[in-house]
Amino acid sequence: MSKTDRKTRIVQISMLCVIFVGLLIYVLLDYQTIVDSFNKVFLEKNGTTRILRGLLNTFIISVGGLILGLIIGTIINIINFSKSNNIIMIILRTFCSYYLSIFRGTPLMVQLLIIYFIIFAFVRGQEVTIATLAFGLNSGAYVSEILRGGINSVPKGQLEAGLSLGFSYNQTMRKIIIPQAVRNAFPSIGNEFISLIKETSIVGFIGATELTKVFKEIATASFQYTMAYLTMGILYFLIVLIISYLFKLFERKVLKV
Amino acid sequence: MKKFIVSLFFGCLLFAISSCSKARTLDDIKADGKLIVSTNAEFPPFEYKDGDELTGFDIDLIKMYGEYIGVEVEINNVDFDGALLNVSSNKADLVIAAVTKNAEREKSLSFSNGYFLASQVVIVKKGSGINGNNIEEILQSLSDNNAVIAAQAGTVGEYYAKGDSDWGFEVIPNTTCQTYDNGAQAVLALNNGQVDAVIIDQLPAIALSESYADLEILGTTLTEEEYAIGVAKGNTSLVDSLNEFLVAIEENGQLETLLEKYFGE
C-alpha cells in the first residue's frame, strides 16, 4: 500500500466515523421521537407487510420489464442485422424503427398513462401487469440500442475474418460476433436494470402499489414523512447497491471481463 | 484538517437541527404580508382550475381571509397528500383543500372550526349490481361483487375503502382498494371499467361524474364529516384568528353568499 493510498484510507474511515457518531448523537438526542416515528411507520397498520408487498411489486415490475426488454431488444436486433430483404423484413424493419423513435422520444410517464388509461382501458385489476408491460416496451427500445452498440463495438475485421474462413454471415454472427457483443453490452444492461428499478417509482400514478406509493401512503396517514421518506431513500439505495454488486460479480466470474 | 472536517460536520448537524423551521404565528404572517396556502386544485367545486385561474369555494374563502387579516395570499397547488404534509413541515401556513377534520389528523395538525358539512358517497357504473338502500346493503354489495374500489390518495375515501381503525372504518371484506393521485383519474378508471366503484366526497363526486353518462352516484351517504382549515400543530394564534373570521363571515352573510355562489342553495 503506497503512502497516498493509506492517507486516502485514513480520511475515508475517519469521515465514516464522524458521520456515524453524528447519527448516533442525533438518535440519542431525539430517541423518543424516533422510536415513536418508527412505530408509526413500521409497526402500526401492517406497515412492514405493506412495505414488503410494495417492494415485491417494485421487483416484479423492474425484473419483468427487463426480461421483456431483453426479448424485444434481441428480436429487433435479429430483424435489423439480418441480410434478407424480402417485403416482410422491410415491413418489420420499418415497424421497429417507428417503435424505437416513439418509445425513445416520449417520457416513460406519458407512455404509462397512455398504455393504462387508453390502450388497456378495458383491463380490470391488473395494474402491476400493465406497468410491467409498459416498462418492458420502454426498456425494449433502450436495450435494443444497447445491444446494437455491443454488436457494432466488435471490430469489423472479425466479421471479415469469419466470412473469409468460410462461415456464412449468420454463422459468423452467431458464433463470433454475438458472444463478444453480449460481453461488451453487459455493463450497460446492468445500468438499464438499475434505472428501471428507480423509474418504477412512477407507477403509483396508475394505481399500482409499489415502494414509493406505500411510503407516500404511510407518510400521509401518519404524518411521519421524515422517517418514511428517509427509509424509502435508503431502501432504494441499498437495492441498487446490491444489484450493481451482483452485476459486477457476474461480469467477473462468468463473463470473465 | 481532520479537526476542520469534524467541526464542519457538527456545525452542519447543529444547523440542520436548529433550522427545523417553526410554524409562523399570525404576527409573523402579518409582518411578512403574505399568507402561504397549500391546496390540491383537483377537487371541484371546492378547488379547481378554471383555465389558468385557481378557483372554487375554498379558494374564495381563503382569499376572503387574506383580506380579513390584510395580507396577500399565495396559493401552492400540490397533490392532496403533499398539501397536508406541506403544513406539518411548515412549508405552508395552512391547508384548505376540503380537508376532513378528525381525531387522527388532529394528532399531527391543528384545525379551525368546521366550515362545511360533507360526506362520502359511492360512484358506480349504471347496472353494475352494486347498490343498496343503506350503508350495510352497499357494503354487502361491494363485498359480494369482489369490488375493486378506487379513491384519491390520502383522502377519507381511501381510509374508508381500506378500512382504518383510527378513522373508525371497518375493512370491507373481499374488496381491494386502489388509489390515484386525483379524483378525476379514479373516476376515469371507473368509467373504463378498470375499477368497480369510487368512494369520494359527495360534491366532487357530482362534479367529476357529470360528464360520464354511464355513471351514477348511490343515494346513501356513508359518513358525516366536517371540512376545516388545517394549520401546523399548536399554531393557536392562527387557529383563533381563523375561527374569528369564520364567525364574522357567518354573521355578516358573506358565507351565505359564497355558499350560494357555488352550491346555489
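These numbers were taken from a predicted model, which means no experiment stands behind them.

What counts as what
- Residues numbered from 1 in each chain as written.
- Chains lettered and ligands numbered in written order.
- Predicted model: local features only at pLDDT ≥ 70, side-chain atom pairs only at ≥ 80, totals over all residues.
- Heavy atoms only, no water.
- Domains from an automatic or database assignment.
- Contact = heavy atoms within 4.5 Å.
- Buried area = accessible area lost by both parts, 1.4 Å probe.
- Salt bridge = Lys/Arg side-chain N within 4 Å of Asp/Glu carboxyl O.
- Polar contact = N/O pair within 3.5 Å; in protein donor to acceptor, adjacent residues only side chain to side chain.
- Helix = DSSP H or I, 4+ residues; strand = E, 2+ residues; numbered from the N terminus.
- Nonpolar A, V, L, I, M, F, W, Y, C, P; charged D, E, K, R; others polar.
- Buried < 20%, exposed > 50% of the residue type's maximum accessible area, 1.4 Å probe, protein only.
- Pairing = 2+ DSSP bridges.

Draft legend 1. Seen up close, the domain arrangement of chain B. All names here are of chain B. The assigned domain composition of chain B is domain 1 (15-117 + 226-263) and domain 2 (120-223). The C-alpha centroid of domain 2 is placed 27 Å from the C-alpha centroid of domain 1. At the junction of the two partners, domain 1 supplies 17 residues and domain 2 supplies 16 residues. With both chains or domains summed, domain 1 and domain 2 bury close to 1,300 Å², and 58% of this area falls on carbon and sulfur atoms. Taken together, the connections running from domain 1 to domain 2 amount to zero salt bridges.

Draft legend 2. Here's a closer look at the interface of chain B and chain A. Chain B puts 37 residues into the contact, and the matching count from chain A is 33 residues. Carbon and sulfur atoms make up 58% of the area that chain B and chain A hide from each other, which totals about 2,900 Å². Summed over the shared surface of chain B and chain A, the result is four salt bridges. In this assembly, chain B and chain A are joined by nine residue pairs in polar contact (both at pLDDT 80 or more). When contributions to the side of chain B that touches chain A are tallied by element, the ones reaching two or more residues are helix H1 (2-18), helix H4 (80-88), helix H5 (103-106), helix H7 (156-162), strand S10 (176-180) and helix H8 (183-192) of chain B. Broken down by element, the side of chain B that touches chain A gets its largest block of residues, six residues, from H1(B). When grouped by side-chain class, the residues that make up the side of chain B that touches chain A number 14 nonpolar, 12 polar and 11 charged.

Draft legend 3. Here's a closer look at the pairing of strand S11 (residues 197-201) of chain B. Residue and element names in this part refer to chain B. Most of S11 sits inside the fold, with five of its five residues counted as buried. Where strand S8 (residues 120-125) and S11 come together, five bridges link them in antiparallel fashion. Note on S11: the bridge partner recorded for Val 124 is Ala 197. The pairing of strand S9 (residues 148-152) with S11 spans two bridges and is parallel. The residue bridging Ala 150 from the neighbouring strand is Val 198, located in S11.

Draft legend 4. Inspection of the environment of Ile176(A) at higher detail. Residue and element names in this part refer to chain A. The residue Ile 176 is located in helix H8 (residues 169-199) in this model. Taking the C-alpha atoms as reference points, Ile 176 and Tyr 245, 69 residues apart in sequence, are found 28 Å from one another. Not counting the four nearest positions on each side in its chain, Ile 176 is found in contact with Gln 158, Gly 162, Phe 167 and Gln 171.

Draft legend 5. Examining unusual backbone geometry more closely. Residue and element names in this part refer to chain B. The amide bond that connects Pro 44 to the next residue, Pro 45, takes the cis arrangement and shows omega of 0°. Relative to the elements of secondary structure, Pro 45 occurs in the loop between strand S1 (34-39) and strand S2 (48-50). The backbone of Asn 146 shows a phi angle near 45°, a positive value even though the residue is not glycine. Its location among the elements puts Asn 146 in the loop between helix H6 (135-144) and S9.

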